[in-house]
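A look at the structure
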Amino acid sequence: MTVLIIVLISLLVILTLLCCGIYFFLFKPNFDRHDEPAVPIKEEGYLHEFRDVINSAIDWFEKVEAEDVYINSFDGYKLYGMFITSPAEKCKGTVIMCHGFHGIPPRDFAFLPDFYLSLGYNVLVINQRAHNKSGGKYLTYGIKERYDCRDWILYINERFGSSLPVFLHGLSMGCATVLMTSGFELPQNVKGIVADCGFTSPYDIIVSVLKGTMKLPAFPIMPLSLIMVKFIAGFGLKDYSTLDAMKTNKIPILFICGDKDDFVPTWMTQKNYDSCIAEKRLFWVKGAKHAESYFRDKEGFEAQVKGFLEDYT
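The rules behind each value
Residues numbered from 1 in each chain as written. Predicted model: local features only at pLDDT ≥ 70, side-chain atom pairs only at ≥ 80, totals over all residues. Heavy atoms only, no water. Helix = DSSP H or I, 4+ residues; strand = E, 2+ residues; numbered from the N terminus. Contact = heavy atoms within 4.5 Å. Areas by Shrake-Rupley, 256 points an atom, 1.4 Å probe, with all protein chains shown as cover. Pairing = 2+ DSSP bridges. Axes fitted to C-alpha atoms, helices over the stretch in contact; angles between N-to-C directions. Parallel < 35°, antiparallel > 145°, perpendicular 65-115°, else oblique. Left-handed = near helix turned anticlockwise from the far one by under 90°. Buried < 20%, exposed > 50% of the residue type's maximum accessible area, 1.4 Å probe, protein only. Nonpolar A, V, L, I, M, F, W, Y, C, P; charged D, E, K, R; others polar.

It is worth spelling out the overall build of the chain at this point. Secondary structure assignment for the chain yields 12 helices and eight strands. Here the contacts in the chain between residues at least 6 apart in sequence split such that 77% fall between residues at least 24 apart. Entry remark: accessible area of the chain is about 14,300 Å², with carbon and sulfur atoms responsible for 57%.

If you want it as structure tokens, here you go:
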């Protein structure tokens, strides 16, 4: 009996430590990179194949003439955005861009902001909460970020009025953010969303990462994580999802995903698309893994986005 108790206590301790490790990896902000400039890619690893483009984009971001802008979140954090004015004589509107999990704009977007500028749009590249120059203790996989994105839309309309179109562009977790944002009753000048490789819900993507990347079982980790996240970070992994938003969304969406995405499973993009009741398009990029679509097929990507903006501006 004593041995059984020791084994059970040992298993409980191991599970607790494992959940704590997962919690800190998945929800805490990137401590040592907070407010730190983007670092050029040198070593082998994620997106190494596209390092020359990304490193050039880092240089572009550092040199481009931009305005530092801030808003306060609904729960009291100071959020940062980089606003770049279009050089066009007549501005067509504004594109709000949301990066991914622990993302930095040059790595996530490369020269896409410059592409939007060339089309005549202002660009607002935001730092999501608990990332880079934005405040916040925890990232929440779109659950609270959707309120931040909504408030950035309101900021743009307060500054420029509501006659000019606003488009949202999100990558990975940023994609989940903009899709969840569409669940709000947004201003009528929000004309479209570019949704690149987003997941369906915090719960779904964490289960997928556990099973696929970490090779760990969902049970009993997820039940314990649900309690821990709710208690410590103040939100639930099942509080909201992109699928909830897609049931009521009225805004046209261009869904984009690499057909070789092995991090956010392709079925999530397909399910988001299938669940969307608004006007929608789906562009699969052949051979692209997670967040690679723009790098893998720049010409096709830009053609799809340009056509989408032209049709809904």
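This paragraph deals with the sheet that holds strand 5 (residues 166–171). The strand order across the open sheet formed by eight strands is 1-2-4-3-5-6-7-8, and the pairing between neighbours is mixed. Strands at the two margins of the open sheet, each flanked by one partner only, are strand 1 (67–72) and strand 8 (280–285). Neighbour-to-neighbour, the strand axes of this sheet turn through a mean angle of 20°, independent of strand direction. Both strand 2 (residues 78–84) and strand 4 (residues 121–126) contribute to a ladder of four bridges, which runs antiparallel. Following the sheet pairing, glycine 81 is matched in strand 4 by isoleucine 126. Packed onto the sheet, helix 12 (residues 298–312) meets strand 4, strand 5, strand 6 (190–196), strand 7 (253–258) and strand 8 and runs at close to 170° relative to strand 8.

Turning to the packing of helix 5 (residues 145–160) against helix 6 (residues 173–181), a few remarks are in order. Where helix 5 contacts helix 6, the axes come no closer than 8 Å and their chain directions differ by 70°. The angle between helix 5 and helix 6 places the two elements in the roughly perpendicular class. For the pair helix 5 and helix 6, the sense of crossing is right-handed. Contacts between helix 5 and helix 6 involve Glu145, Arg146, Cys149, Arg150 and Ile153 on the former and, on the latter, Met173, Thr177, Val178, Met180 and Thr181.

All right, on to helix 6 then. Burial runs high along helix 6: nine of the nine residues are buried. All of the buried residues along helix 6 are Met173, Gly174, Cys175, Ala176, Thr177, Val178, Leu179, Met180 and Thr181.

Time to look at the packing of helix 7 (residues 202–212) against helix 8 (residues 221–233). A pair of packed helices is captured by two measures, namely the crossing angle of their axes and the spacing between those axes. Packing of helix 7 against helix 8 brings their axes to within 11 Å, and their N-to-C directions diverge by 135°. With respect to helix 8, the element helix 7 is oriented oblique. The way helix 7 lies across helix 8 gives a crossing that is right-handed. Across the interface between the two elements, Tyr203, Ile206, Val207 and Leu210 from helix 7 touch Ile221, Met222 and Leu226 from helix 8. In terms of residue class, the contact of helix 7 with helix 8 is made up of seven nonpolar, no polar and no charged.

Note: most residues except glycine have negative phi, and most peptide bonds are trans. Phi is positive for alanine 130, which is not a glycine, with a value near 65°. With respect to the helices, strands and loops of the structure, alanine 130 is situated in the loop between strand 4 and helix 5. By relative accessible area, which is 0% here, alanine 130 ends up buried.

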